[in-house]
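# Survey of secondary and tertiary structure
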Amino acid sequence: MTLRRRNLREFQIQLTERINNAAVASKDSRLGVQIDDDKCLIDLEEVSEIVPLPDSMTRVPGTQGWFRGLVSHRGVLIGVTDLGQFHRNRPAIVGKDAHLLVLNQKLGINAAILVSRLLGLHNLAQMKPLAPTGSETWQGGLWSDPGGESWRELRLSVLASDLRFMAVAA
């Protein structure tokens, strides 16, 4: 019986260490995406789902050019924004690798942003912060990865409350 208790105790200690290590790692983890030619980092807590670009998207007359339209996802209408066109008037490159990042419901809107490609998870602890250059409040820090590539952090929670982002009517 003592051996079982000791093994259980060791297992509990190891499990607690793994959970704590995973929590620290996830705090610094960001999803890398490509929007047009820009490499961006997004906090996964601000995204509820990543879905392939649907076959059909309903255009909405009288809306801004950057508002791509509506998609039905899990029975809910989601507004899709082309962030490249919204910010720089450069439409996203839409190919077989394009996806929608559905914003987390806690942000208070049914919206998704169109991304050209998913670029995997990146750890901010392995990156070097650069001098900020973003002109928009929803643009976070600028980072450099070990290979020298620049990455822009996007704050979807700030974007979701941006008045220009919310004004889709043309």
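Everything numeric in this text was worked out from a predicted model, so none of it was measured.

Next up on the list: the pattern of salt bridges. The tally for this structure, following the rule as stated, stands at 8 salt bridges. A salt bridge links Arg90 to Asp36, with the nearest nitrogen and oxygen atoms 2.3 Å apart. A residue pair is termed long-range when its members are at least 10 positions apart, and Arg90 in the loop between α2 (83–88) and β6 (99–103) and Asp36 in the loop between β1 (29–35) and β2 (38–42) qualify at 54 residues. Classification of Arg90 by relative accessible area gives partly exposed; the value is 31%. Residue Asp36 is classed as buried on the basis of its relative accessible area of 7%. Across the pair Arg90 and Asp38 runs a salt bridge, and its minimum N-O distance is 3.7 Å. Of the two residues, Arg90 sits in the loop between α2 and β6 while Asp38 sits in strand β2, which places them 52 residues apart along the sequence. Judged by relative accessible area, Asp38 falls into the partly exposed class, the value being 25%. Put simply, Asp36, Asp38, Arg88 and Arg90 are held in one network by salt bridges that share partners.

Below, the discussion takes up the packing of aromatic side chains. Evaluated as defined, the whole model comprises 4 aromatic pairs. Plain terms: the ring middles of Trp66 and Phe165 are 6.4 Å apart, the flat faces sit at 15 degrees to each other, and that makes the pair stacked. Separated by 99 residues along the polypeptide, Trp66 in the loop between β3 (47–52) and β4 (67–73) and Phe165 in helix α4 (residues 163–166) bring together distant segments of the chain. Judged by its relative accessible area of 4%, Phe165 is buried. Centroid distance Phe86 to Phe165: 5.8 Å. Interplanar angle 90 degrees. Geometry classified as edge-to-face. Taken together, the residues span a long stretch of sequence, with Phe86 in helix α2 and Phe165 in helix α4 at a distance of 79 residues. Per residue, the accessibility class of Phe86 equals that of Phe165, and both read buried. Linked through ring pairs, Trp66, Phe86, Trp138 and Phe165 together constitute an aromatic cluster. Its guanidinium or amino end placed over the ring of Phe86, Arg164 lies 4.0 Å from that ring's centre, counting from NZ or CZ.

Let us now look at the layout of surface pockets. Volume-wise, the largest pocket comes out at about 200 Å³. Taken together, 17 residues line the largest pocket, and the ones lying closest to its centre are Asp38, Cys40, His87, Arg88 and Gln139. Those elements that provide at least two residues to the lining of the largest pocket are β2, α2, β10 (139–144) and β11 (150–154).

In this section: the side chain of His99. Within the secondary structure layout, His99 lies in strand β6. Look at His99 and you get buried, because its relative accessible area is 17%. A polar contact of 2.8 Å, which involves the side chain of His99, links it to the backbone oxygen of Asp97. Residues within four places of His99 in sequence aside, it is in contact with Ile50, Val51, Pro52, Leu53, Ile113, Leu114, Val115 and Leu118.

Pairing within the open sheet is mixed, and its 5 strands lie in the order β3-β6-β7-β5-β4. The open sheet terminates on both sides in strands that have one partner only, identified here as β3 and β4. The sheet shows a mean angle of 30 degrees between the axes of neighbouring strands, taken without regard to direction. As judged from the 4 bridges shared by β6 and strand β7 (residues 111–115), these two strands associate in the antiparallel manner. Opposite His99, over in β7, you have Val115 as the bridge partner.

Criteria and thresholds
Residues numbered from 1 in each chain as written. Predicted model: local features only at pLDDT ≥ 70, side-chain atom pairs only at ≥ 80, totals over all residues. Heavy atoms only, no water. Salt bridge = Lys/Arg side-chain N within 4 Å of Asp/Glu carboxyl O. Helix = DSSP H or I, 4+ residues; strand = E, 2+ residues; numbered from the N terminus. Buried < 20%, exposed > 50% of the residue type's maximum accessible area, 1.4 Å probe, protein only. Phe/Tyr/Trp six-rings, centres within 6.5 Å; stacked < 30°, edge-to-face > 60°. Lys NZ or Arg CZ within 6 Å of the ring centre and 35° of its normal. 1 Å grid on protein atoms, 1.4 Å probe; cavity = no way out; pocket = protein on both sides within 12 Å on 5 of 7 lines; lining within 4 Å. Points joined across faces, edges and corners; volume = space filled by probe spheres on them. Polar contact = N/O pair within 3.5 Å; in protein donor to acceptor, adjacent residues only side chain to side chain. Contact = heavy atoms within 4.5 Å. Pairing = 2+ DSSP bridges. Axes fitted to C-alpha atoms, helices over the stretch in contact; angles between N-to-C directions.

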